Structures are given as structure tokens and as C-alpha cells.
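# Inside the fold
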Amino acid sequence: MLKLDPVNIEGFTGHGETMDAELDRAMGRWRAAHPDAGPNIPKIEGMRLAALMDTVARYTDVRDRLAHEQVARADRDRLLHQVEVRWEALSTAPAWLAAHHAYVLAVDEARIAIEMWQERAASARARMWFCGSPRDEAAYRQIQEAGHPALEDALADLDQDPGVTAYMLLADLDQAHERRMKLAAQTLQTLQSAG
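Here we summarise the structure given alongside this text. Note that the structure is a prediction, hence the values are computed from the model and not measured.

### What about the overall build of the chain?
Counting secondary structure elements, the chain contains six helices and zero strands. Order of helices (α) and strands (β) in the chain, N terminus to C terminus: α-α-α-α-α-α. Taking 16 Å as the expected radius of gyration for a compact globule of 195 residues, we find that the chain reaches 26 Å, considerably beyond that expectation. Oriented by its inertia axes, the alpha-carbon framework of the chain measures out at about 95 × 25 × 25 Å. Relative to its full complement of 195 residues, the chain shows a buried share of 34%. A separation threshold of at least 6 residues defines the contact pool for the chain, and within that pool the share at least 24 residues apart is 80%. A total accessible area of about 11,900 Å² is found for the chain, and carbon and sulfur atoms account for 55% of it.

### Quick notes on the packing of helix H3 (residues 96-126) against helix H6 (residues 162-194)
Running from N to C, H3 and H6 point in directions that differ by 175 degrees, and their axes come no closer than 10 Å. Compared by their axis directions, H3 and H6 come out roughly antiparallel. Residues belonging to the contact of H3 with H6 are distributed by class as follows: 20 nonpolar, six polar and five charged.

### Re the layout of surface pockets
What the largest pocket holds in volume is close to 190 Å³. The set of elements that each furnish at least two residues to the lining of the largest pocket consists of helix H2 (41-90) and helix H5 (152-157). Residues belonging to the lining of the largest pocket are distributed by class as follows: seven nonpolar, three polar and three charged. Put simply, the second largest pocket is a space of about 160 Å³. The wall of the second largest pocket is formed by Leu2, His68, Val71, Ala72, Asp75, Arg76, Leu79, Glu109, Ile112, Ala113, Met116 and Arg120. Contributions of two or more residues to the lining of the second largest pocket are made by H2 and H3. Ranked by the residues each element gives to the lining of the second largest pocket, the list is headed by H2, at six residues.

### What to know about the pattern of salt bridges
Oppositely charged side chains may form a pair once their charged atoms are brought near each other. For the structure shown, the criterion picks out 12 salt bridges. When the shortest N-O distance is used, the salt bridge between arginine 76 and aspartate 77 registers 2.8 Å. Judged by its relative accessible area of 10%, arginine 76 falls in the buried class. Residue arginine 111 pairs with aspartate 174 through a salt bridge whose shortest N-O separation is 2.7 Å. Separated by 63 residues along the polypeptide, arginine 111 in helix H3 and aspartate 174 in helix H6 bring together distant segments of the chain. According to the relative accessible area criterion, aspartate 174 is partly exposed, its value standing at 32%. Because the salt bridges share partners, they merge into one network encompassing Glu10, Glu45 and Arg48.

### Points about the environment of histidine 101
Note that histidine 101 resides in helix H3. The exposure class of histidine 101 is partly exposed, given its relative accessible area of 46%. Taking the C-alpha atoms as reference, histidine 101 lies 9.2 Å from arginine 86; in sequence the two are 15 residues apart.

### Some words on the nonpolar core
In this structure, Phe12, Val56, Tyr59, Leu66, Trp129, Leu151 and Leu155 are the most contacted members of the largest nonpolar core, which totals 24 residues. Among the elements of the structure, helix H1 (19-33), H2, helix H4 (134-145) and H5 are those that each provide at least two residues to this core. Among the elements that take part in this core, H2 stands out by supplying eight residues, more than any other.

Cut-offs and rules
Starting afresh in each chain, residues are numbered from 1 along the sequence in its written order. Given that the model is predicted, a residue must reach a pLDDT of at least 70 before its local features are reported, and side-chain atom pairs must reach 80 or more before they are shown or counted; all residues, however, enter totals for whole chains, interfaces and linings. Side-chain measures here rest on the full set of heavy atoms in the structure, leaving out hydrogens and waters. Put simply, DSSP marks the helices as runs of H or I at least four residues long and the strands as runs of E at least two long, and each gets a number from the N terminus on. Note on method: radius of gyration uses C-alpha positions; expected globular size equals 2.2 Å times residues raised to 0.38. Throughout, exposure labels follow a simple rule: accessible area from a 1.4 Å probe, protein chains only, divided by the maximum for the residue type, with under 20% read as buried, over 50% as exposed, and the rest as partly exposed. Residues are treated as being in contact if the distance between any of their heavy atoms lies within 4.5 Å. Only the protein chains shown count as cover for residues, and the accessible areas themselves come from Shrake-Rupley with a 1.4 Å probe. Every axis corresponds to a line fitted to the C-alpha atoms, with the helix fit spanning only the stretch in contact, and the corresponding angles, defined between N-to-C directions, vary from 0 to 180 degrees. Angle categories: roughly parallel below 35 degrees, roughly antiparallel above 145, roughly perpendicular from 65 to 115, and oblique for all the rest. The classification used treats Ala, Val, Leu, Ile, Met, Phe, Trp, Tyr, Cys and Pro as nonpolar, Asp, Glu, Lys and Arg as charged, and all other residues, Gly among them, as polar. Cavity and pocket criteria rest on a 1 Å grid covering protein atoms alone: a 1.4 Å probe that fits but cannot get out defines a cavity, protein on both sides within 12 Å along at least 5 of 7 lines defines an open pocket, and an atom within 4 Å of a point defines a lining residue. Grid points are joined across faces, edges and corners, and a volume is the space filled by probe spheres set on the points. In what follows, salt bridge is the name for a side-chain nitrogen of Lys or Arg lying within 4 Å of a carboxyl oxygen of Asp or Glu. Nonpolar core, defined: a set of buried Ala, Val, Leu, Ile, Met, Phe, Trp, Tyr and Cys residues in which side-chain atoms within 4.5 Å join the residues together.

So this is what it looks like as C-alpha cells:
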């Protein structure tokens, strides 16, 4: 289970269902702290708080998508490696059928992991990160100063075309699996002839 540190910047958590209430509470706190403010100052603070609320919401969404993509990519790579480990284990396995079955299961798990990664990567690419104003940039700095990571490196690590990459990974996996199944069939035929 992916667990990210919760974001809370001046009471804004980035959760869509609580955004309006968080904005109301933030304005209430500001008004209570500034009872003598002139008529235009609350509008300026309201615009700053609205930009902060929006930036925190976008940040939280993008950070979540990027984190899920990174976990899915690591699972994909681990399970593709597991396929190779299981295949290699067949050459020395005393219980060949059990080892072969473990290899077949590893191939299936790798296929699922590739497809899951593709979905997560496409989702992460669908919601890009940007700061469109000085208020957004100030809010983003505030998020980072609170100890939350910058998003630029994770965004740079995103696959440019997850659909193509997934297609190529699946094609390579399926091609290797088909060839290996022919080799396994020859081995099984030899075992049956010998037995």
C-alpha cells in the first residue's frame, strides 16, 4: 500500500471534497487575525488563499499519480526480472514441472504488471504539473518548504509514450515466452520418452 505524507499547507490538504470548507476556515482565521483590515486587503488575501488551495490540490493529485507510476514501474521491472530468474531456474530444477509452472506464473504476473504500469503512467502523464502565476510559484515553494518533494524529477522520469513502451515490453515478453514454450515442449517430450 502506497503511503504518502499528507499535505497540509495553511489548512489546505488538497482533497477536493474539503476544499471549500478549508478556504472558508482559512479566510475566517485571516479575518480574525486582521480585524482592522481595509476593504481591498481581504480580497487580495482571498486571491492568495485561492491560489494556494488550487496549487495544493494540483500538487497532491500530481504527486499521487507520480508515486503510483513509480511503484508500478518498480513492480513491472521486478516481475520482468523474476521471469528471467524463473527461466534460468528451470535448467537446474530437480522438480522440473513445478519450476516450469513457477516460470509460467511469473510471465503472467509480468504481463499484469506491464499493463498496470501503463495505466499508471498514462494517468500520471494526463495531469501535468505547472505553475502559471507568481502566486502558484509562491504556493509551490511553500509546499516544498513544508518538506514535500519537488515534482520535476519524477515528471522527467515519466515515459514519453507508455502505450508504445508497454506494447514493446509485452511483445518482447510474449516472443521470448513463445520460444521458451517450444523449448520446454521439447524437454517435456524427452522426459516422457525417457519415462
